[in-house]
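These are the residues of each chain, in order.
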Amino acid sequence: ELPENPMPWERESAQGLYLAQIVLNRPVDRVFHYLVPESMRSVLRAGYRVRVPFGRGNQFVAAYCVGVGPADENQPSIRLKAVEAILDNRPLFNAKMLKLTRWIADRYLCSWGQVLECVVPAGVKNQAGTRLVTVFELITAVPRAENEVAEVISKLPAKQRAVFDVLKSANKPLTLDELTQAANCGSGPVQSLKKKSLIRSLQKRVSQFSNGDEAAYAGIKKEDDLQLNIDQRRALDQLLSAIRGKEGSTFVLHGVTGSGKTEVYIQAIREVVSYGQQAIVLVPEISLTPQAIQRFRSRFDSVAVLHSHLSDSDRHYHWQNIAAGKVQVIVGARSAVFAPAPHLGLIIIDEEHETSFKQETAPRYHAREVARKRSELEGVPLILGSATPTLNSWLRVIEKKDTLISMPNRVNNLAMPGVNIIDVRNDARIRRNESIGRVLHTGMQHALEAGGQVILFLNLRGYSPALWCKGCGNSVTCPHCEISLTWHRDKNLAVCHSCEFSSQPPKQCPRCGAPGLRFVGAGTQRLEEEVRAKFPGYSCKRMDSDTMRGVGSHAKVLNAFAAGDVDILLGTQMIAKGLDFPNVTLVGVVDADTMLHQPDLFASERTFQLIAQVAGRTGRGMQGGRVFVQTASPAEPAIVKAAEHDFLGFSQLELGHRKEMNAPPYSHFARVILRGPQEERVQDFARQLAQILSDAASEKQLDVQILGPAPAPIIRLKKYFRYHFQLAAANVEAILQLWNEITDKLPREKAIEYIIDVDPVNM
Ligand code: ADP
Ligand code: ZN
């Protein structure tokens, strides 16, 4: 340690030190200081990835440099370790991205290192698609006298001289193959020159990307922008003035399904591309259909699509192209919000209501909030588009924090589809455990006979969602999770949809031993069976995560449906989004109640969104379209308002409820989830943690309420017992401050893990 008052010369030596601030991919949010060796001083700066010794064993780990500079005089210089290596040719983060990632760490209570680690794709870290090759170059600065060198050169044998001349005229490093070919010799002369210290070998990284872009563009015709209608024109004009004014403001583009939002996005992007800038378009992963991608590729020369099936090498390729400013439009799911575009001009989030924009592992960020921050830092507009905006975004519109742009009509004067709510409580077929009631059946028959196509939506995969025992009235649950097992008939397996545990369905009840379990309720497998039996003359395809495992299987079914080879498409959420098929004249929501009855604060909002979105899949052609919603709660406001296409009415009602309950968006929640192998210990620990937080809140006078702890909705998950509690506050800052107050003082218990999720999307 330095003495309390350093002597002058000690001060001086401390000032002479050059230090790097380093963060690591660990949960603890801390900056470490490392010495920067003389050789790295001119290169290393914030944004580089480095290798440093860390921990007791001084093992080398990859880490991120977030700052460099001379040590300040109070910095104790003793026992500092040095940066071992710089890992990339250029920094991976610029100043704005460093700011953005630091903000995420603060806002979502995780470490800066975790955020940075999450932002850089694996393919970039392991430099996928590149390899090291040995190249040769002339040694120009020789530690010898000029004339001595000249003499050595003049005495070179012919072949060595040839090699030397090739390198001299090439004026760049060459590989052994290139050299021997140009000089017409073997490798011997090259080695001799090396021994004479006239040339040297070095390692160079070269890329061998399988230029994925050309293939992606094959067969895509360039198309002109469409002539906008009045609503679209007005929307675009508003956006253009923000783009030209370099405003970091947010627009909520509320446009009904089929109002032509995508065309507005495209023409707004056209503007920023004309300045040589880039645009980021975030869409839910399942909306990244070939149809959607083609729409962008037919309008722009350089579109990078970032989807989850990309190879490491492709991901690295896109990252480099984007960072080099060569890409005009980046279309991708959640993580594309971090695309390293150097001249960003615009960010768009389509279907902003989708919960998949929230990441469910650390860092638990919401891409919409990250985009909001990025747009502010970069001074570029953000567009949040949806037919059913989140109440979160809607409240910001009401409070005039964000600007509303409305497109209340479908293009080409198409009508919104008529929606029939069908009360199935007295339907004999539904009582007999069938899924398609009388009215829906007749509707399907008419639609199909008239040559139309049908989409059926059901939110449950598998054959039947429960194995029910008449004897004790219980259903069979997963041995690890306490969730009802779903029967998958095709493989005759009872499957847990949470942990994928599966077994043969038991012959008798595991609880009471009674024989003859019944399969109750229907999932998509059973629905498919029923459809095939009831509509034998028509072809039917099922789309859910069981049938869509393979890469490209999604596209295959959608292409067949678009070509008219499939009459009835049935499936889960996968078919609810973004599909645009003009020949779909009937959409059936098989069971609207499955979403409604979830014990979730947002269940009503989700139900409204899903019905409105599913309904949006029909009536896109001249034949019009109808929607049938089967429910046992026909008066439920979420269903009624969705049937009336009345977003305003629904939002008013639901915001009223939320305000009364002081729930989001009028407040913020953070959810703490604890898990461990022994229930009692988890419960005790949860109580202890909640008490510490509540004590700290009153001590620091922070207006944060602690709700709970209670068993989590799924108390057992994958062999762990789970408890949770919530922190609630009007301002999220109070929650963040409280957590930071206590985070160093928390007791530890080995067997118990806990996480905190700020602004969770499922509660
Ligand atoms: P949304 O995303 O709002 O649901 P889309 O952007 O998918 O709507 O547009 C629906 C359909 O209308 C698409 O087939 C699109 O090509 C077409 N369309 C959009 N704008 C126009 C326009 N100005 N003129 C003619 N057709 C349009
Ligand atoms: Zn399970």
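Since this is a predicted model, take the numbers as computed values, not measurements.

What counts, and where the lines are drawn
Residues numbered from 1 in each chain as written. Chains lettered and ligands numbered in written order. Predicted model: local features only at pLDDT ≥ 70, side-chain atom pairs only at ≥ 80, totals over all residues. Near = placed C-beta within 6 Å. Nonpolar A, V, L, I, M, F, W, Y, C, P; charged D, E, K, R; others polar. Helix = DSSP H or I, 4+ residues; strand = E, 2+ residues; numbered from the N terminus. Buried ≥ 20, exposed ≤ 12 C-beta atoms within 10 Å, placed from the backbone. Contact = placed C-beta atoms within 7 Å. Pairing = 2+ DSSP bridges. Axes fitted to C-alpha atoms, helices over the stretch in contact; angles between N-to-C directions. Core = buried A, V, L, I, M, F, W, Y, C linked by C-beta atoms within 7 Å. UniProt positions renumbered as here; feature names shortened; annotations may be inferred. Expected span 1.5 Å × (residues − 1).

Asks: Talk me through the site of ligand 1; I want residue IDs and the actual numbers.
Replies: With respect to spatial proximity, 16 residues lie near ligand 1, and among them L226, G260, K261, T262 and E263 are the closest. Here the residues of the shell around ligand 1 are counted per class, giving 3 nonpolar, 10 polar and 3 charged.

Asks: Go over the environment of Y48, please, and point to the residues and values.
Replies: Mapped onto the fold, Y48 is located in the loop between β2 (32-35) and β3 (49-54). The exposure class of Y48 is buried, given the 23 C-beta atoms found within 10 Å. Each C-alpha atom, one on Y48 and one on P91, is 4.2 Å from the other, the two residues being 43 residues apart in sequence. Residues in contact with Y48, not counting those within four places in the same chain, are C65, I86, D88 and P91.

Asks: Pulling in residues and values, what's your account of the sheet that holds strand β24 (residues 568-571)?
Replies: As summarised here, the arrangement of the 6 strands in space is β16-β26-β25-β17-β24-β23, forming an open sheet in which the pairing is parallel. Of all strands in the sheet, those with a lone pairing partner are β16 (418-423) and β23 (540-543), marking the two edges. Taking the axes of each pair of neighbouring strands and ignoring which way they run, one obtains an average angle of 15 degrees across the sheet. Note that strand β25 (residues 584-589) and strand β26 (residues 626-631) share 4 bridges and pair parallel. When the bridges of β26 are listed, V589 appears paired with V629. Its contacts with the sheet put helix α21 (residues 603-615) on β16, β17 (453-457), β25 and β26, and the angle it makes with β25 is roughly 160 degrees.

Asks: Explain the nonpolar core residue by residue, including any values.
Replies: Generally speaking, nonpolar side chains in soluble globular proteins are found buried as a group. Of all hydrophobic cores here, the largest spans 112 residues; its most connected members are I22, I280, V281, L282 and I330. Among the elements that make up this core, the one with the highest residue count is helix α24 (residues 679-699) (7 residues). Every residue in contact with V281, bar those within four places of it in the chain, is listed here: Y265, V329, I330, V331, I348 and D350. Within the second largest apolar cluster, 52 residues are counted, among which are L458, M574, L610 and A643.

Asks: Can you break down the UniProt feature "binding site: Zn(2+) 1" (unreviewed entry) in the protein chain residue by residue, with the values?
Replies: Mapped onto the present numbering, the UniProt feature "binding site: Zn(2+) 1" (unreviewed entry) falls on C469, C472, C509 and C512. For the residues just named, distributed over 44 residues, the greatest C-alpha separation is only 8.6 Å, placing them together at one site. Here C472 shows up in the loop between β18 (466-468) and β19 (486-488). Excluding residues that lie within four positions of it along the chain, C472 makes contacts with C509, R511, C512 and A514.

Asks: Can you tell me about helix α11 (residues 261-274), naming the residues and giving the values?
Replies: Because an α-helix packs 3.6 residues into every turn, residues spaced three or four apart end up facing the same way. Under the 1.5 Å per step criterion, the end-to-end length of α11 is 20 Å for 14 residues, consistent within 8% with the ideal 20 Å. The complete set of buried residues in α11 reads K261, T262, E263, V264, Y265, I266, A268, I269 and V272. The first or second residue beyond α11 is G276, which carries a positive phi of 80 degrees.

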